[in-house]
Amino acid sequence: MLALALNVPALAPTVAPMRPAVASSSVRMGVESMEGISVETANKVFDPYGLSKLGGEETLAFFRHAEIKHGRVAMAAMTGFLFHINGIHFSGDLSPTFGVSFDALSKMGPFDAWNAIPLLGQMQIIFTIGCLEHASESLNPDGHYTKGGTPGDLKFLKNFWDLPGFTKKLSAAQLAEKRESELKNGRLAMIGVMSIVSALAVPGSVPLLANAPKLTGIAFALPFSSF
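The model shown is predicted, which means the values in this text are computed figures rather than measured ones. (Residues numbered from 1 in each chain as written. Predicted model: local features only at pLDDT ≥ 70, side-chain atom pairs only at ≥ 80, totals over all residues. Heavy atoms only, no water.)

Engineer: It is not clear to me how the overall build of the protein chain should be interpreted in this structure. Could you clarify?
Structural biologist: Assigned secondary structure in the protein chain consists of eight helices and two strands. Secondary structure of the protein chain in N-to-C order comes out as α-α-α-β-β-α-α-α-α-α. Residue pairs at least 24 apart in sequence account for 66% of intrachain contacts in the protein chain once pairs closer than 6 positions are excluded. (Helix = DSSP H or I, 4+ residues; strand = E, 2+ residues; numbered from the N terminus. Contact = heavy atoms within 4.5 Å.)

So, in structure tokens, the structure goes:
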């Protein structure tokens, strides 16, 4: 989320050793040629703290992959939240064994709903996330994104995320436009998630979300809160 807050194409808590000035200049050129620099920042690199200069090309690729990945997670979270606040949910029980119904979860705050999911259900969700993380880090046939691969590349998992084959019909220019849209929407979604967490943690901190009926309960949840 920090990467989005600063609207920098590459941020992460890990800081690689500084390279010589020549390498830094090369990295700067790399940042300026990356997708995601547009009219929102006057077509310039928005990097007031110089975070894009922390390390070399591999560090920059790591930061970009982190930005894309967290943007995708945030978009999924915001989509789920929009369903939640509009009362759209499955019928029946999530867990007949523990008596947890989808309707009951829909009436809770977002993190209270997570805490109400039985442990085995939480483990299934986190296991799926872990499998996708492992695939993006270790299974790309084109190589790791810091070793010549492309940050955020999941083309080898198209059978998972693009079953209808929408991307097969797009030209190179259209694909580039879609990638930039993904970056921008991911950044906006990260701001949205941070706003929700802030509104829950500090009431009134986000005026537009003040007294929102579905923003109730705790402001965070542990991965295995049912354990």
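Now that the structure has been shown, we can carry on.
Engineer: When you look at a nonpolar patch on the surface in this model, what are you seeing that I'm missing?
Structural biologist: Taken together, the side chains of Leu120, Met123 and Phe224 define a hydrophobic patch exposed on the protein surface, amounting to about 300 Å² of accessible area. Tracing the backbone through its elements, the reader meets Met123 in helix H6 (residues 119–138). By relative accessible area, which is 41% here, Met123 ends up partly exposed. (Patch = residues over 30% accessible without salt bridge, like charges linked within 9 Å, V, L, I, M, F, W, Y side chains within 5 Å. Areas by Shrake-Rupley, 256 points an atom, 1.4 Å probe, with all protein chains shown as cover. Salt bridge = Lys/Arg side-chain N within 4 Å of Asp/Glu carboxyl O. Buried < 20%, exposed > 50% of the residue type's maximum accessible area, 1.4 Å probe, protein only.)

Engineer: Honestly, the nonpolar core in this entry has me stumped. Any pointers?
Structural biologist: In a soluble, globular protein the nonpolar side chains are often hidden away together inside. Counting residues in each nonpolar core, the largest one holds twelve residues, listed as Ala74, Met78, Phe81, Ala189, Met190, Val193, Ile196, Ala199, Leu200, Val206, Leu215 and Ala219. Put simply, the parts of the chain that give this core at least two residues each are helix H3 (57–85) and helix H8 (172–201). In this structure, Ala74 is in contact with Gly186, Ala189, Met190 and Val193, ignoring residues within four places of it in sequence. (Core = buried A, V, L, I, M, F, W, Y, C linked by side-chain atoms within 4.5 Å.)

Engineer: Looking at this model, I keep getting lost on the UniProt feature "binding site: chlorophyll b 2" (unreviewed entry) in the protein chain. Mind explaining?
Structural biologist: The sites that UniProt annotates as "binding site: chlorophyll b 2" (unreviewed entry) are Asn185. As for its position among the elements, Asn185 is in helix H8. According to the relative accessible area criterion, Asn185 is partly exposed, its value standing at 43%. (UniProt positions renumbered as here; feature names shortened; annotations may be inferred.)

Engineer: How do you make sense of the pattern of salt bridges when you look at a structure like this?
Structural biologist: Where charged atoms from two side chains of opposite charge come close, those side chains can pair. Counted under the stated rule, the structure contains nine salt bridges. For the salt bridge of Glu40 with Lys184, the shortest nitrogen-to-oxygen distance reads 3.3 Å. Taken together, the positions of Glu40 in the loop between helix H2 (21–32) and H3 and Lys184 in helix H8 put the pair 144 residues apart, joining distant regions of the chain. For Glu40, a relative accessible area of 52% translates into the label exposed. Measuring nitrogen to oxygen at the nearest pair gives 3.5 Å for the salt bridge that ties Lys147 to Glu58. Taken together, the residues Lys147 in the loop between H6 and helix H7 (158–161) and Glu58 in helix H3 connect sequence positions 89 residues apart. Take Lys147: its relative accessible area is 59%, and that puts it in the exposed class. A single salt-bridge network, built from bridges that share partners, covers Glu40, Glu180 and Lys184.

Engineer: Before we go on, may I ask you to explain the UniProt feature "binding site: chlorophyll b 1" (unreviewed entry) in the protein chain in this structure?
Structural biologist: The sites that carry the UniProt feature "binding site: chlorophyll b 1" (unreviewed entry) are, in the present numbering, Arg72. Residue placement: Arg72 occurs in helix H3. Contact partners of Arg72, with chain neighbours within four places excluded, come to Gly152, Leu154 and Glu182.

Engineer: How do you make sense of the packing of H3 against H8 when you look at a structure like this?
Structural biologist: Each pair of packed helices gets described by two things: the angle between the helix axes and the distance between those axes. At a minimum axis separation of 7 Å, H3 and H8 run at an interaxial angle of 60 degrees. Here H3 lies oblique to H8, going by the angle between them. Two packed elements cross with a definite hand, and for H3 against H8 that hand is left-handed. Side by side, H3 and H8 meet where Arg64, Glu67, Ile68, His70, Gly71, Arg72, Ala74, Met75, Ala77, Met78 and Phe81 of the first sit next to Glu182, Leu183, Asn185, Gly186, Arg187, Ala189, Met190, Gly192, Val193 and Ile196 of the second. For the contact of H3 with H8, the residue count by class is eleven nonpolar, five polar and five charged. (Axes fitted to C-alpha atoms, helices over the stretch in contact; angles between N-to-C directions. Parallel < 35°, antiparallel > 145°, perpendicular 65-115°, else oblique. Left-handed = near helix turned anticlockwise from the far one by under 90°. Nonpolar A, V, L, I, M, F, W, Y, C, P; charged D, E, K, R; others polar.)

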